[in-house]
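# Understanding the architecture of this molecule
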Amino acid sequence: MAGRGVGCLWKRHVVEQLKQRDRVQCQAFEEIIHQYNRLLERSDLQVVFSERLQTDKYEHQNRHDLSPGVDGGRSDSLQQEMAQMRIRHQEELTELHKKRGELAQNVIELNNQIQQKDKEIQSNEAKMLEYQQQISRLEGECRELRNSLADLERANQTLRDEYDALQITFSALEEKLRKTTEDNQELVTRWMAEKAQEANRLNAENEKDTRRRQAKLQKELADAAKEPLPIDQDDDIEVLTEDAGKATGETSPSRQPSRTPSKRVSQPPPPPPPPGGLLDSITNIFGRRRSVNSFSSSPEAAEAQSACADVRVPSTALHIFDAHDGEVNAVRFSPGSRLLATGGMDRRVKLWEVVSGRCEAKGALTGSNAGITSIEFDSAGTYLLAASNDFASRIWTVDDFRLRHTLTGHSGKVLSARFLLDNTRIVSGSYDRTLKLWDLRSKVCMKTVFAGSSCNDIVCTEQCVMSGHFDKKVRFWDIRAESIVHELELLGRVTSLDLNHDRTDLLTCSRDDLVKIIDLRSNAVRQTFNAQGFKCGSDFTRVTFSPDGSYVAAGSADGVLYIWNVLTGKLDKTLDKGHSSAINSVSWSPSGAYVASVEKGSKAVLWSDM
């Protein structure tokens, strides 16, 4: 109703404006019309007057004809007067006709103007009708918008109520999560304390058992030393003295002296060696045996120590084979270069024996629940460590393929895991932005360090861990202090780290398609390698040093293997006949004879110069 009243006022206002305009315009022409009417009246009067004059003229002529002599003079004067009047009337009539024409022209122009105004009025009326229709349409849209606004306000209120309810639920869940986290932390602390107590009990029992065996052995040796033993010249008996004991301590303790049956001789037996010296020698032997790491007795270690790193730059693909069912992420040679390990998205680590330039399948290590991301042998080649996408790291024995340890605790994919130099501790880096230090003897996580960014790769020295991260930084950690000693920022996300043989240079690869060598003595970039066409294929592309540190090998996204010479800094070789997809990882054998590479497809390639 209010809208209809406003519309009526609007129309009334327009009508009043039109009437006012008509009044203003008519006032301008009223005088002209009035004058025109007066002229018409005067013209009619002139016509009547002219007719009367004509009548009078005829009457005078008739009278003149009837009395020509008497009225002759009077008639002439009257005729002259009539002639003047006629001339004057003719002039007035001409003037009136002229004014009549002008007025007729003005009337025509005014009619034209009136017609034009009528057209304008019609146009304005049409526009007014159109505007009225638009107003009606807009009023309808306005009503619809008001209805929509009301609906939106109701919906907004409903959403606010739901948001408030969700906020209350979220606060309750957050409080529950906090309590759960505290309970979990308390349980973890108790569990670690119990593990530590168990480890202390086990160490105490081992120490008691060791002391008991030592005491028993010393007693037996003392009793044996007191008994005189006759010696014949022909008997092949090895007598252990202090000097011999020291010499023997440098050899393997598993070696046993051979004996032959003793013979009695007539000469008196030589005096026995001093018991103290013999005991010290034997104790020294067993002490050395206990101090040697348990992994050092492996033939793989002996082979690794005796291997000569005669590095040969590969030029030929000796063997191309299907390594896994799906993408192959990691590859690593054993310390003796006899075995090759590959890890893939099929959740397996496969072992291959390198024989005469070919890789023959030896076995598979199973137990992982997701794809393998990195592989590492211990220094003796006895154990194999693998990180996987199921948030865990696992250790197998190479000889019997048995799963020995499963290290869980990360909350994201474990992207890299490495043995420390003592082979009794492990460092793992994860997508959850933490590094963890594990003790294999107690099988517990000793330390957890928050790195601030996803850790893509790790390398270790004796007391320092170097990690490459998604935030383009290489971080150097002190294991003892759990703190960052130094950090170096590169131009791209760090995908790979590797150390040379002397552990003085750090090799890095990053997503800016650059391979760099960092001098660990100055903590600065010493060399940068790049090449036309080389492109880092993923965030986990692994590169490697040669065993002597004189070459660098890296795989590209186009399946080409690039090898640079460190001494000259130039590209030495490009090997493009082997892979059909991006190369994920490269490993150079410790003997220097082979290079292995794996790809995003299922293939692995063994390279050499033979």
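Just above, that's the structure.
Residues numbered from 1 in each chain as written. Predicted model: local features only at pLDDT ≥ 70, side-chain atom pairs only at ≥ 80, totals over all residues. Heavy atoms only, no water.

Moving on to the overall build of the chain. Along the chain, the regular secondary structure elements total five helices and 28 strands. In the chain, which comprises 610 residues, the share counted as buried stands at 35%. For the chain, the share of sequence-separated contacts (at least 6 apart) that also reach a separation of at least 24 residues comes to 49%. Accessible surface, the chain: about 36,900 Å² in total, of which carbon and sulfur atoms supply 51%. (Helix = DSSP H or I, 4+ residues; strand = E, 2+ residues; numbered from the N terminus. Buried < 20%, exposed > 50% of the residue type's maximum accessible area, 1.4 Å probe, protein only. Contact = heavy atoms within 4.5 Å. Areas by Shrake-Rupley, 256 points an atom, 1.4 Å probe, with all protein chains shown as cover.)

What follows concerns the pairing of strand E20 (residues 514-519). Most of E20 is tucked away: six of the six residues are buried. Residues of E20 alternate between two faces, with Leu514, Lys516 and Ile518 on one and Val515, Ile517 and Asp519 on the opposite face, all of them buried. Sheet topology note: the strand E19 (residues 505-510)/E20 ladder contains six bridges and is antiparallel. In the strand pairing of E20, Leu507 is matched with Ile517. Taking the residues between adjacent antiparallel strands as the criterion, E19 and E20 are bridged by three residues, where Asp513 takes a positive phi near 65°. The pairing of E20 with strand E21 (residues 524-529) spans five bridges and is antiparallel. The residue bridging Val515 from the neighbouring strand is Phe529, located in E21. With antiparallel pairing between neighbouring strands as the criterion, E20 and E21 make up a hairpin whose turn holds four residues, including Asn523 at a positive phi of roughly 55°. (Pairing = 2+ DSSP bridges.)

So, about the sheet that holds strand E16 (residues 473-478). The strand order across the open sheet formed by four strands is E14-E15-E16-E17, and the pairing between neighbours is antiparallel. Of all the strands in the sheet, just strand E14 (455-460) and strand E17 (483-489) have a single pairing partner and so form its edges. The average undirected angle you get between the axes of adjacent strands in this sheet is 20°. Bridge analysis of strand E15 (residues 464-469) against E16 gives five bridges, and the strand direction is antiparallel. (Axes fitted to C-alpha atoms, helices over the stretch in contact; angles between N-to-C directions.)

The nonpolar side chains of a soluble globular protein tend to be buried, and buried together. Counting residues in each nonpolar core, the largest one holds 16 residues, and the members touching the most others are Leu507, Val515, Ile517, Phe529, Phe534, Val552 and Trp564. Looking at this core, the elements that each hand over two or more residues are E19, E20, strand E23 (551-555) and strand E24 (561-565). Setting aside residues up to four positions removed in sequence, Val552 forms contacts with Leu507, Val515, Ile517, Phe529, Thr544, Phe545, Tyr562, Ile563, Trp564 and Val566. (Core = buried A, V, L, I, M, F, W, Y, C linked by side-chain atoms within 4.5 Å.)

A few words on the sheet that holds strand E27 (residues 595-599). In space, the four strands of this open sheet follow the order E1-E28-E27-E26, with antiparallel pairing throughout. Here the strands that pair on one side only, and so sit at the sheet edges, are strand E1 (316-322) and strand E26 (583-588). In this sheet, adjacent strand axes meet at a mean angle of 20° when their direction is disregarded. Examined bridge by bridge, E27 and strand E28 (residues 603-608) share four bridges and lie antiparallel to one another. Paired with Val598 across the two strands is Ala604, which belongs to E28.

Where E24 and strand E25 (residues 571-575) come together, four bridges link them in antiparallel fashion. Its bridge partner lying in E25, Tyr562 is registered against Thr574. Once E24 ends, the chain turns through five residues before running back antiparallel as E25, passing Gly569 with a positive phi of about 75°.

Another aspect to go through is the side chain of Asn456. Inspection of the secondary structure assignment puts Asn456 in strand E14. For Asn456, a relative accessible area of 2% corresponds to the buried category. Contact partners of Asn456, with chain neighbours within four places excluded, come to Leu415, Ser416, Gly468, His469, Phe470, Val494, Thr495, Asp539, Phe540 and Arg542.

To continue, consider the side chain of Thr508. Within the secondary structure, Thr508 is located in strand E19. A relative accessible area of 1% means that Thr508 is categorised as buried.

With that out of the way, let us pick up empty space enclosed by the protein. Summed over all chains, the structure comprises three cavities of 30 Å³ or more. If you list the elements that add at least two residues to the lining of the largest cavity, you get strand E2 (328-333), strand E6 (372-377), strand E10 (414-419), strand E18 (494-499) and E26. Here the lining of the largest cavity is built from residues that sort into seven nonpolar, seven polar and five charged. One number sums up the size of the second largest cavity: a volume of about 140 Å³. Around the second largest cavity, the lining residues are Val427, Leu435, Lys436, Leu437, Lys447, Val449, Val465, Trp477, Asp478, Ile479, Glu482 and Ser483. Looking at the lining of the second largest cavity, the elements that each hand over two or more residues are strand E12 (434-439), strand E13 (444-450) and E16. Of all the elements, E12 adds the most residues to the lining of the second largest cavity, at three residues. Across the lining of the second largest cavity, the residue classes tally to seven nonpolar, one polar and four charged. (1 Å grid on protein atoms, 1.4 Å probe; cavity = no way out; pocket = protein on both sides within 12 Å on 5 of 7 lines; lining within 4 Å. Points joined across faces, edges and corners; volume = space filled by probe spheres on them. Nonpolar A, V, L, I, M, F, W, Y, C, P; charged D, E, K, R; others polar.)

This part takes up the pattern of salt bridges. A side chain of one charge can pair with a side chain of the opposite charge when the charged atoms of the two come close. A complete count under the given rule lists 25 salt bridges for this structure. A salt bridge links Arg404 to Asp400; its shortest N-O distance comes to 3.0 Å. Two residues, Asp471 and Arg475, come together in a salt bridge whose shortest N-O distance is 2.7 Å. Ionic contacts of the salt-bridge type, sharing partners, join the residues Arg332, Glu376, Arg418, Asp457 and Arg542 into one network. (Salt bridge = Lys/Arg side-chain N within 4 Å of Asp/Glu carboxyl O.)

This part covers the packing of aromatic side chains. Note on aromatic pairs: each is described by the distance of the centres and the angle between the planes. One pass over the structure, following the stated rule, counts six aromatic pairs. Ring centres 5.5 Å apart and planes at 85° place the aromatic pair Phe534 and Trp564 in the edge-to-face group. Separated by 30 residues along the polypeptide, Phe534 in the loop between E21 and strand E22 (544-545) and Trp564 in strand E24 bring together distant segments of the chain. Overall, the relative accessible area of 1% leaves Trp564 in the buried class. Connected via pairs of aromatic rings, a cluster forms that spans Phe529, Phe534, Tyr562 and Trp564. (Phe/Tyr/Trp six-rings, centres within 6.5 Å; stacked < 30°, edge-to-face > 60°.)

As a further point, take the environment of Leu506. On the secondary structure map, Leu506 appears in strand E19. With a relative accessible area of 0%, Leu506 lands in the buried category. For the pair formed by Leu506 and Ile517, sequence separation is 11 residues and the distance between their alpha carbons is 5.5 Å. Residues within four places of Leu506 in sequence aside, it is in contact with Val459, Met466, Val474, Phe476, Leu497, Asp498, Leu499, Lys516, Ile517, Ile518, Leu520 and Phe545.

This brings us to the state of the cysteines. The full count for this structure, using the stated rule, is zero disulfides. Free of any disulfide, Cys455 has its nearest cysteine sulfur in Cys460, 9.9 Å distant. Here Cys536 stays unpaired: no disulfide links it, and the sulfur of Cys509, its closest cysteine neighbor, is 4.0 Å away. (Disulfide = S-S within 2.5 Å.)

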